[in-house]
Amino acid sequence: MNADTPAKRPGGRSARVQAAVHQAVTDLARERETAQLTIPAVAERAGVNPTTIYRRWGTLQALLAEVATLHTADAPPPSSGDLRTDLEAYAIRTLADLTRPGGIAFFRAEVAPDIDERRSGLRECLHRATVGLEAVLEASRGRGETPPSTERLLDRIVAPLYFRVVFSMPGTDETYARALVTDLFSDPSQPQR
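Residues numbered from 1 in each chain as written. Predicted model: local features only at pLDDT ≥ 70, side-chain atom pairs only at ≥ 80, totals over all residues. Heavy atoms only, no water.

**Student:** Just to check I follow, could you spell out the environment of V158 for this structure?
**Tutor:** Looking at the element boundaries, V158 is found in helix 8 (residues 150-166). Sequence spacing of V158 and L133 is 25 residues, and the spatial spacing of their C-alpha atoms is 9.6 Å. (Helix = DSSP H or I, 4+ residues; strand = E, 2+ residues; numbered from the N terminus.)

**Student:** What am I meant to see in the nonpolar core here?
**Tutor:** In terms of nonpolar packing, the biggest core is built from 23 residues, with L87, L133, L153, I157 and L161 touching the most fellow members. Where this core is concerned, the elements lending two or more residues are helix 5 (83-99), helix 7 (115-142), helix 8 and helix 9 (174-186). Beyond its immediate sequence surroundings of up to four residues, L87 is in contact with L133, V136, L153, I157, V181, L184 and F185. If you look at the next biggest cluster of nonpolar residues, it comprises 19 residues, including L37, V42, I53 and L63. (Core = buried A, V, L, I, M, F, W, Y, C linked by side-chain atoms within 4.5 Å. Buried < 20%, exposed > 50% of the residue type's maximum accessible area, 1.4 Å probe, protein only. Contact = heavy atoms within 4.5 Å.)

**Student:** Help me understand unusual backbone geometry, please; the structure alone is not making it clear to me.
**Tutor:** A negative phi angle characterises most non-glycine residues, just as the trans form characterises most peptide bonds. Residue S168 is not a glycine yet carries a positive backbone phi of 50°. Following the sequence through the fold, S168 ends up in the loop between helix 8 and helix 9. On the accessibility criterion, S168 (60% relative accessible area) is exposed.

**Student:** Honestly, the confidence of the model for the chain in this entry has me stumped. Any pointers?
**Tutor:** The pLDDT averaged across the chain works out to 80; a share of 71% of its residues lies at or above 70. Taken element by element, the chain is modelled with least confidence in helix 6 (residues 103-110), mean pLDDT 62, and with most confidence in helix 9, mean pLDDT 96. (pLDDT = per-residue confidence, 0-100.)

**Student:** Got a minute to help me understand the packing of aromatic side chains in this structure?
**Tutor:** Aromatic ring pairs are described here by two measures, namely the spacing of the ring centres and the angle between the planes. Taken as a whole, this structure holds one aromatic pair when the rule is applied. Centroid distance F163 to F167: 4.9 Å. Interplanar angle 50°. Geometry classified as tilted. Owing to a relative accessible area of 47%, F163 belongs among the partly exposed residues under this scheme. In this structure, R164 is placed above the aromatic ring of Y176, and the distance from its NZ or CZ to the ring centre is 4.1 Å. (Phe/Tyr/Trp six-rings, centres within 6.5 Å; stacked < 30°, edge-to-face > 60°. Lys NZ or Arg CZ within 6 Å of the ring centre and 35° of its normal.)

**Student:** Help me out: how do you make sense of helix 8 in this one?
**Tutor:** Every α-helix carries 3.6 residues per turn, so stepping three or four residues along brings you back to the same face. Within helix 8, the axis deviates most sharply at V158, by approximately 35°, and proline P160 lies no more than four positions further along. Here helix 8 has its buried residues at T150, L153, L154, I157, V158, P160, L161, Y162, R164 and V165. Immediately downstream of helix 8, the backbone of S168 shows phi near 50°, a positive value. (Bend = angle between axes of the 7 residues up to and from the residue.)

Laid out in structure tokens, this is it:
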């Protein structure tokens, strides 16, 4: 690099724009129905031109999917030392993630109608679900237990939560999330500890 070439600043305007747009999406998702989220509304709230958002993210679904990834990227809670307790905590956390303001809007964006975006969104959604589950299962195996398979937990805990939240089924609460785990452990085909 010579003295005439300006050094790139870490962060800078691009990072500020991204942060403002992410915050605007998060705020609007808390305030409005999914159908009312638009790129012009996000741009206005973020204080940027809509073309900035179109140029950087392309579609509202891509932007929502990126924000969803940021909101659910934190690490799983530490192991309690008990598989059932850990699975209950995982189920409750998954439910809280889906039902937080904007949570379902973010999920729907991840499974967007565009086939390439949908495949990518579904892969990301499945990856996030399995990362949390794998952490729980790894801790269980480390204690010498034989936990259920990831696929079984996706079928018996994760899928019902997503289904019920997507379709706004009454009674989808922490009690229901715990009951899914109870049902899993009361299933005679489930290995017992």
